[in-house]
Amino acid sequence: MNSKATRKIGFTKMHGCGNDYIYVNTMEYDVPDPSKAARLWSNRYKGIGSDGLVLIGKSSVPEADYTMRIFNADGSEAMMCGNASRCIGKYLYERGLTQKTEIRLLTLSGVKTLWLHIDGDTVESVTVDMLEPKLEDESQYLAHRGLSQGTFVSMGNPHFVVFTDDVDQVGETGRILEQHPAFPQRCNIEFARIEDDGTIRTRVWERGSGITQACGTGACATAVAAVVTGRAPRTSQIVMDGGTLTIEWRESDNHVYMTGPATFVFDGEIEI
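Computed from a predicted structure; not experimentally measured.

About the thresholds
Residues numbered from 1 in each chain as written. Predicted model: local features only at pLDDT ≥ 70, side-chain atom pairs only at ≥ 80, totals over all residues. Heavy atoms only, no water. Core = buried A, V, L, I, M, F, W, Y, C linked by side-chain atoms within 4.5 Å. Buried < 20%, exposed > 50% of the residue type's maximum accessible area, 1.4 Å probe, protein only. Helix = DSSP H or I, 4+ residues; strand = E, 2+ residues; numbered from the N terminus. Contact = heavy atoms within 4.5 Å. Arc of directions from axis to C-beta. Salt bridge = Lys/Arg side-chain N within 4 Å of Asp/Glu carboxyl O.

A. Spotlight on the nonpolar core. Core analysis: the largest hydrophobic core is formed by 51 residues, its most contacted members being Tyr23, Val54, Ala84, Ile88, Met130, Ile247 and Val256. Top contributing element to this core by residue count: helix H5 (residues 216–228), with eight residues. The residues contacting Ala84, other than those within four sequence positions of it, are Tyr21, Tyr23, Val54, Met68 and Ile70. By size, the runner-up hydrophobic cluster in this structure holds 13 residues, among which are Phe11, Val24, Ala37 and Ile270.

As structure tokens, this is what we get:
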């Protein structure tokens, strides 16, 4: 007889353009070891199945309303996830935790402002102020390390964007580039192609998760890289495996704004 005490935690599965996470409201449930939980629950054969675990909490600082912590499928903690932030906005509003349509969300890469676009009682889409991209001139360093064919952009987390006709190399090359010595903390990798209609087809290798259907910060980094390399205007449609995001890099404040959908999948309980 197993005498080990167990308890149940309620969770919600959501996705943004196919980028799927397990969401837990820590105002109701405590997750004592989120890194371990992310590894176990994210397993698509033996767990719930996801790209990672997201914890929603109440902010203790006046600059923000709520907090987000995100753990990748390998248990590592991420700085930020644009798709997850949109899902949190939908979760908070449609589950009756807030009536605000402008929400300030505290992440490890700063406070992000969410604007909810409402139709009736439904959040149809969310715009997120992803703040300013960081474009440190790392070209010489990266070239020295053998990475002269891409653009490094930080959106609060590191991204390396490669423009290529062969975006399907994401599985083979993405795995290698994530672990490249040029990135001591590893890196998110995007392979992007400018299409005839001006959209940008992008495939993502996400640090700690592998190939994902979409990546919000990756879409932002791709749009910024397209502008700085003269490939696209400041507003673009980023077409990823799981859907399309609209990205605007405004000249007025140098901030990147991401707009896209968020979707509930199912609710459940899991024992820990």
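B. Helix H1 (residues 34–42), seen in detail. The set of residues buried in H1 consists of Pro34, Ala37, Ala38, Trp41 and Ser42. Considered in projection along H1, the buried side chains sweep an arc of 105° and stay on one side of the axis. Considering only its buried residues, H1 is in contact with strand S1 (8–16), strand S2 (19–25), strand S3 (52–58), strand S4 (66–72) and strand S17 (263–271).

C. Spotlight on the pattern of salt bridges. Applying the stated rule across the entire model yields 15 salt bridges. A salt bridge links Asp65 to Lys100; the shortest N-O distance between them is 2.9 Å. Residue Asp65 is located in the loop between S3 and S4, and its partner Lys100 is located in the loop between helix H2 (82–94) and strand S6 (102–107); the two are separated by 35 residues in the primary sequence. According to the relative accessible area criterion, Asp65 is buried, its value standing at 9%. Between Arg250 and Glu248 there is a salt bridge, with its nearest N and O atoms 3.3 Å apart. Each of Lys13, Asp20, Arg44 and Asp51 takes part in salt bridges that share partners, so that together they form one network.

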